[in-house]
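Observations on chain architecture
Chain by chain, the residues run as shown.
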Amino acid sequence: MAELKPSIIVIFGASGDLAHIKIFPALYSLWEDGFFPDSFFIAGFARTDMDDETFRKTILDALNVNCRKKPINEDDFLNFSKHIFYLKSKYDDESSYKELGKFIKSKASEYNIPKNIVYYLSTPPNVYIKIIDGIQNANLTSSEFKGDNFSRIVVEKPFGYDYESAKDLNNKILSVFKEEEVYRIDHYLGKETVQNIFAFRFSNAIFEPLWNNKYIDHIQISALEPIGVGFRAGYFDKSGIIRDMMQNHMMQLLSSVAIEPPAIFHADDIRNEKAKLLKSIRPFSLNDVKNFAVRGQYDRGFIGNKSVISYKEEKGIPPNSTTDTYAALRLFVDNYRWAGVPFYLRSGKRLKKHKTEIAVFFKKLPYSLYGKDGMEKIKQNSIIITIQPNEGISINFGAKTPGFKMDIEPVNMVFNYKSSFKLSPPEAYERLIYDIIVGDQTLFARYDDTLIAWQFITSIINGWEKIEPPVFPNYEAGSWGPKEADDLINADGRLWNNN
Ligand code: BG6
């Protein structure tokens, strides 16, 4: 990959967790791998009172915990840190944006570089609008800052709180930036394994012909985490898992595994197909919400052998909270390829195992040569795409056990990233930040797929508001989730893939 263009990256909310845990570690790794030219600058824009040196020190501390290049070499960091500056600012204060304008101009003229600017919103979403107004009012996207250069905006999830607020936010962003300048981050799209879904489907003649309702029985998409709400109570209690995971990551996984092949492998062609796919999800009526959308909240329990508290006991969570920490859905994609194939989605916190996977189950044999007994023993074939951990793909099929009898047992054929490529993949944020500076939107959500996903999810949220919530908590920490989620899939004669 080539060296990136000179650029100035402005990080709003630079003193916050996301910047320290994800953004700076990715920037540092890209820099250490030689992708940044000498003329690149990072301006941290945040409210905390500190100077450049203190800010740089906080970054070093964060890298030593969160960066895949840790332990950080001090000389290397010293060189990197010369590119980092801190602007103590207020999000609704005109003079802060004037200072930012001066900073950009001074760096551009001092180093004789174009004003290629990335405005990165890494703040809580309630200040997005203030920042966009601030950028606009200070003319930081005017021709003086554009010309032949680029100015791009990066927006972190959540993109809105529901369909209406997502639409308002999109309209606001698009009143200042053009769609081709907007990079909505869904970090799942930066994961190697998620990108590999396309490679698996579209570069192998043996799988794609089977990828339809003639051969596939059903698909399960799971994103299960043993972690709890952590320090994010304020955010999470307002979102719940339905907004935090289902609206974005899970919808992206669903669309990646189910879209039609695009005409060409180009950002808008892929995103057109995703929008089409998401539009084909059958809308949920209130009855569907009751029957096919399960919610849960974790109780006390054990993760491994460590005892953990319930959601309602977590710091910052109201003791009567009815927020969902688990959700499971059964949905249908009404199109030619997927008609009649159920998709089961589940995601939750404080679950037994950390695993994110897409499990594709093929139809049962129409007939067994080995009698009734054989039929029961022969398992459905499946392809398990493991997004994390142990990134890889396994294909499960039946094989004869050694011996004189014709006994069939399921076996696995496994591809594992680490053992095949002897490399650990770059962090999702590295790939995404690289693409933002290069100007490739393939791995970013577009306004229409975001809104279509919100439309579907909002119908569930609205439905949940109308019906009595279950008595929470309804699953033990360290379990596989609420019983209702098992009932959801068992009612169709199927089981969750809990291996
Ligand atoms: C984030 C959610 O987007 O994704 C978190 O806000 C979740 O709640 C995280 O834990 C999961 O990401 P990953 O990359 O660890 O699967």
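Above this text sits the structure in question.
None of these values were measured; they are calculated from a predicted model.

A few points about helix α4 (residues 94-110)
Side chains that are three or four residues apart share a direction in an α-helix, a result of its 3.6 residues per turn. Helix length check: α4, at 17 residues, gives a terminal C-alpha distance of 24 Å against a target of 24 Å (1.5 Å per residue), a fit within 8%. Residues of α4 that are buried sit in contact with β1 (7-12), β2 (40-46), β3 (84-88), β4 (117-121) and α5 (128-137). Among the residues trailing α4, N112 stands out with phi positive, at a value near 50 degrees.

A short note on the layout of surface pockets
Which parts of space are left empty comes out when a probe the size of a water molecule is rolled across the atoms. By volume, the second largest pocket is sized at about 1,300 Å³. In terms of lining, the second largest pocket is formed by 48 residues, of which the most central are F361, Q380, S382, N396 and N497. At the level of secondary structure, the elements contributing two or more residues to the lining of the second largest pocket comprise β7 (216-224), β13 (355-362), α11 (371-377), β14 (382-388), β15 (392-400) and β16 (408-416). It is β15 that contributes the most residues to the lining of the second largest pocket, seven residues altogether. Taken together, the residues that form the lining of the second largest pocket break down as 20 nonpolar, 18 polar and 10 charged.

A short note on empty space enclosed by the protein
The tally for this structure, following the rule as stated, stands at three cavities of 30 Å³ or more. The calculated volume of the largest cavity comes to roughly 70 Å³. Lining the largest cavity are F159, D186, Q247, N248, M251, Q252, L278, A445, D449, T450 and A453. Here the lining of the largest cavity is built from residues that sort into five nonpolar, four polar and two charged. The volume enclosed by the second largest cavity comes to roughly 40 Å³.

Section: a nonpolar patch on the surface
A cluster of nonpolar side chains, Y367, L369, Y370 and M406, forms an exposed patch at the surface whose accessible area comes to about 480 Å². Following the sequence through the fold, M406 ends up in the loop between β15 and β16.

Some remarks on the packing of aromatic side chains
Counted according to the given criterion, the structure contains 34 aromatic pairs. Aromatic pair F45 and Y97: ring centres 5.1 Å apart, planes at 40 degrees, arrangement tilted. Of this pair, F45 sits in strand β2 while Y97 sits in helix α4, placing them 52 residues apart in sequence. Exposure class is identical for F45 and Y97. Each is buried. Consider the rings of F415 and F421, whose centres lie 6.0 Å apart with planes at 75 degrees: the pair is edge-to-face. A connected cluster of aromatic rings, assembled from ring pairs, spans F12, F45, Y91, Y97, Y119 and F177. Lying across the ring of Y188, K191 places its NZ or CZ 4.7 Å from the centre.

Calculation criteria
Residues numbered from 1 in each chain as written. Predicted model: local features only at pLDDT ≥ 70, side-chain atom pairs only at ≥ 80, totals over all residues. Heavy atoms only, no water. Helix = DSSP H or I, 4+ residues; strand = E, 2+ residues; numbered from the N terminus. Expected span 1.5 Å × (residues − 1). Contact = heavy atoms within 4.5 Å. 1 Å grid on protein atoms, 1.4 Å probe; cavity = no way out; pocket = protein on both sides within 12 Å on 5 of 7 lines; lining within 4 Å. Points joined across faces, edges and corners; volume = space filled by probe spheres on them. Nonpolar A, V, L, I, M, F, W, Y, C, P; charged D, E, K, R; others polar. Patch = residues over 30% accessible without salt bridge, like charges linked within 9 Å, V, L, I, M, F, W, Y side chains within 5 Å. Areas by Shrake-Rupley, 256 points an atom, 1.4 Å probe, with all protein chains shown as cover. Salt bridge = Lys/Arg side-chain N within 4 Å of Asp/Glu carboxyl O. Phe/Tyr/Trp six-rings, centres within 6.5 Å; stacked < 30°, edge-to-face > 60°. Buried < 20%, exposed > 50% of the residue type's maximum accessible area, 1.4 Å probe, protein only. Lys NZ or Arg CZ within 6 Å of the ring centre and 35° of its normal.

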